[in-house]
Amino acid sequence: MSMSAEIRDSAGALPALEEESGRDPRSDRFVFSWWHLVLFPLAFLMLIPMIWMIITSLQTLNETRHFPPILVPSSIQWQNYTEVLQRAPFARWFLNTLVVTVVVVAGNLLFCSLAGYAFARIKFFGRDVVFILVLATLMIPFQVIMIPTFIIVRKLGLIDTLGALIVPNLAGAFGIFLLRQFFRSLPIELEEAARIDGASRLGVLFKIVLPLSGPVLATVAVITFLWTWNDFLWPLITIYNPDNMTLQLGLTTFQGAHQTNTHLLMAANVMSVIPVLFLFFVAQRFFIRGIATSGLKG
Amino acid sequence: MPGLTFDRVSKEFPGGTVAVRDLSLAIADGEFMIFVGPSGCGKTTALRMVAGLEKITSGTISIGDRVINDDSPRDRDIAMVFQNYALYPHMTVYKNLAFGLKERKMPKDEIAIRVNGVSSMLGIDDLLTRRPAQLSGGQRQRVAMGRALVREPAAFLLDEPLSNLDAKLRVQVRGDLKRLHQRLGITTVYVTHDQVEAMTMGDRVAVLKDGLLQQVDSPRNMYDRPANLFVAGFIGSPPMNLLRAEARGGVASAGDLSLPIADLPDGDVVLGLRPEHLRPATDGQPSMEFQVEVVEPLGDGVIVHGTVSGTLVTAPSGDDEVLPRLAGERAEITTKFEPTLRPSPGERMRLAIAAHHVHVFDGRTGDVIVAAGA
Amino acid sequence: MSVSVRRIMRSDHVAGWAFAFPAVALIVVFGIVPILWSALMSFQKTNLLSTPEWIGLDNYRALPKDPLFKTSMVHAFIYAALFVPLSVGGGLFAAVALNRHIRGIRFYRLAVFVPVVVSTIATSIMFLWLFDPNFGLANWLLGLVGLGPFGFFTSSDGALYSIIAMTVWGWIGFDAIIYLAALQGVPNELLEAAQLDGARSWSIFRNITLPLLGPATLFLVVFSTINAIQVFDEIYFLTKGGPGTATYVPVLYLFKLAFEQGIAGYAAAIAYVLLVAILILTVIQLWVGKRMVYYAS
């Protein structure tokens, strides 16, 4: 098997989002399929909350206070969006979330790669015990650890700073697990050849192994991004100052202050959802692969 | 009891690939028919059309008098053994065998009779409580056969059933299959890419290439009278030597050979010479100078590879297009001598070419012009 | 540098620990230590500020007498009992529908998967508006077929079920992805063999496909149960446990206890009881699964 095929296979089976026209030559794609009658309502149900959110975000306040609901706004109120930006430090929240997420993703990629490689390829004292310990943390629900973690973070003086959101999440067992599995599936001869050629372990990791790990790194990045961006409970516990809030937390305070300004609330929500949706469309394969492989882990 | 008939059957896939072209073939009731050809020749597609797993683009397939084009697979009374066996992994062997009967609402005790009967015939009755994962390759193959047999179908389809077995098992199962067919007499279509299997097992063999039927005949006839260049080069091991020649005035010339052949039209031709028909020449016969290169002694003969002057034609054998093996203006040919004759490498000798053993093919179309005699 | 020091520095043990240290340290400090500390806390009386006081099993003894705790646990189980079958079953249905090669299947798949990436808060906001009792689209649509109007999140009878409906919407895509991958792993030949054996579509699904989906189903049931018992974000945002205590759930309770009322020891005890409950449920499910699920070797 060629190298790339081996690596592709070891990254796990992936439900095909794209049609593979070679796969089922018998399928006749040009005949009407009764399945459309099932799929269309299903897709509609899945999308209607978002569609409705977008429509509402472009209405006036009066239009929202109308029953039956007005399905098509008489004019498009783009200024709802600018009004949201004025009424709340939305841009700030966005920036906070972005900073936290990017740093956490970068930290995970770096630290989990190092640790994953160590667990995969380096025999060191206590390796297996420590790995099991790491895996165990995957199964512990967050509420068990959140109180002591809060105390620790407070002792580190990070409460109400972005540091509280970043530091505890810089390395997670999920990334270590995925990367270790992947590294183990690579042919070890490559690394051995590089070491014989004089490369250090670090060099082997960064120059040989990581360049081959694109897909799994992308998967870890994308899943970590999603989880960090959407996290609510931890920021809720640790952040109080509106200037330091993340999007999810900020949305909550916005909703508290603007309960009846539905059109603004929807606009704010749309803005909070767009980055993740965009990332999803761009990196679909990795999201789906990440979700599917968490199934393998189970 | 029904036979199986193909009437101008074609299969075109969406996207334009034509897998089977205008296949017309009548399989007699109880006959063991083999479809053989290189990969991509359409043999598996043809088989799947009989099973109903591929839609027929044009033409009809009939069992007996009944056209089955529009019947779903379950209504065709056909059983199939898949190349990878397709055993239900989560069911025991018994349940695998019983599944089809259960689906057709057969009462439990009747099912038990049939399943036990078939499993003892195939020698798998001590495996009935096991799961496929616990079986060896040969055992799985027999379970797959059992699943097909237990339904007592009108026709029996096998898709390369021996290809996943190791060489020794293959020979044994080949014999088992033949014996089974003799005993049960079910119309059988058997697909393989291995021409040795085809020649040893079939009542008749159908050779396919690129979706077209090349020839259908008994193994003996196919060997002795190939209808075209492809069949000539495909059937027989070591393969037939195919030499370019020019025919003029009833004489075929290739290299240093001048061979008079009866009823030979003028033009470019290809001479087909089976290795076992090439013997050291005695005086007076038409012959070619032959330089020995490699000698392979077998038990029942000696294979000698060497060169003559001339140009080979390579009958395209499918996936690997072999480049003309030329050494300068020499062509490599293979002969098969009696075991007692053992030339040495480098030796020069003359090979006798007997006209009645030569197959002459049209240089352009590949069809046979002059068939070899007895 | 002496030879022996250099040799140690080059040794695998040092290298291994050097590589693993940052991640392991983080996980120990922010994972292992809190797990143990939490256990310790559950035997203490502490408000997170002053020194904790050891009270032995008092926290645990108080739990059975705590009506709010019992209510929240009941709600967690009701929640799981509805959420799991609906989302897993719905995911299977969606996956079967999505396992086609028809025109537009990409669009349908995306539509089903998208809700998974939307955050719990964003989802809650969407549904807060969708389920608005006075102006919401849901009441209008239901009214068109003669149902409602409903209070949804404002109704003490309906709030929990409304939240369940919302979270099922958010998670079906996840289950569908897993099932879709599993469905595509069923060898086509098996389905063809079953067809030739005489089975109709439903029988093929029930006898061949469904059993082979067993591992995926087991995973999804265990995973969804664990998630369902820990539900928090949506409850906090939409109802804060209300109306009244209609949507009170364990994690909400312990959050309030620890961070609003300063009763952290008791909260830790609840967290551990919850953990044990989850463990027991998981073990039961895995045990049942082992007996019923066939694993392809």
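Residues numbered from 1 in each chain as written. Chains lettered and ligands numbered in written order. Predicted model: local features only at pLDDT ≥ 70, side-chain atom pairs only at ≥ 80, totals over all residues.

## A short note on the sheet that holds strand E1 (residues 4–12) of chain B
Residue and element names in this part refer to chain B.
So, point 1. Across the sheet, which stays open at both edges, the four strands sit in the order E2-E1-E4-E5 with antiparallel pairing between neighbours. Both outer strands of the open sheet, strand E2 (18–27) and strand E5 (66–67), are each paired with one neighbouring strand and no more.
So, point 2. Bridge count for strand E4 (residues 58–63) against E5 is two bridges, and the pairing is antiparallel. The partner of Ser 62 across the bridge, within E5, is Val 67. (Pairing = 2+ DSSP bridges. Helix = DSSP H or I, 4+ residues; strand = E, 2+ residues; numbered from the N terminus.)

## Thoughts on the nonpolar core
So, point 1. Ranked by internal contacts, the top residues of the largest apolar core, which has 287 residues, are A:Ala115, C:Ala23, C:Val112 and C:Ala267.
So, point 2. Considering every element that reaches this core, the biggest residue donor is helix H8 (residues 159–184) of chain C, with 17 residues. (Core = buried A, V, L, I, M, F, W, Y, C linked by C-beta atoms within 7 Å. Buried ≥ 20, exposed ≤ 12 C-beta atoms within 10 Å, placed from the backbone.)

## Remarks on the interface of chain A and chain C
So, point 1. Contacts between the two partners involve 85 residues from chain A, matched on the other side by 80 residues from chain C.
So, point 2. Residue composition of the side of chain A that touches chain C, by class: 60 nonpolar, 17 polar and eight charged. (Contact = placed C-beta atoms within 7 Å. Nonpolar A, V, L, I, M, F, W, Y, C, P; charged D, E, K, R; others polar.)

## Focus: the domain arrangement of chain A
Residue and element names in this part refer to chain A.
So, point 1. Domain parsing of chain A yields domain 1 (29–77) and domain 2 (89–297).
So, point 2. The centre of domain 1, based on its C-alpha atoms, is set 33 Å off from the matching centre of domain 2.
So, point 3. Counting from both sides, the interface comprises nine residues of domain 1 and, opposite them, seven residues of domain 2.
So, point 4. Breaking the side of domain 1 that touches domain 2 down by element, the ones donating at least two residues are helix H2 (36–57) and helix H3 (61–64).
So, point 5. Counting residues per element, the side of domain 1 that touches domain 2 draws most heavily on H2, which supplies four residues. (Domains from an automatic or database assignment.)

## Structural notes on the pairing of strand E12 (residues 251–254) of chain B
Residue and element names in this part refer to chain B.
So, point 1. With burial as the criterion, only one face of E12 is covered, namely that bearing Ala 252 and Ala 254; the residues Val 251 and Ser 253 on the opposite face remain uncovered.
So, point 2. Inspection of the sheet shows strand E11 (residues 241–248) paired to E12 by three bridges, in the antiparallel sense. Along E12, the bridge assignment pairs Ala 247 with Ala 252.
So, point 3. A loop of two residues connects E11 with E12, the two strands running antiparallel in sequence, and Gly 249 in this loop sits at a positive phi of about 60°.
So, point 4. Direction of pairing for E12 relative to strand E13 (residues 257–260): antiparallel, over a ladder of four bridges. Each bridged residue has a counterpart across the sheet, and for Ala 254 the counterpart in E13 is Leu 257.
So, point 5. Between E12 and E13, which pair antiparallel one after the other, the connecting turn spans two residues, and Gly 255 there sits at a positive phi close to 60°.

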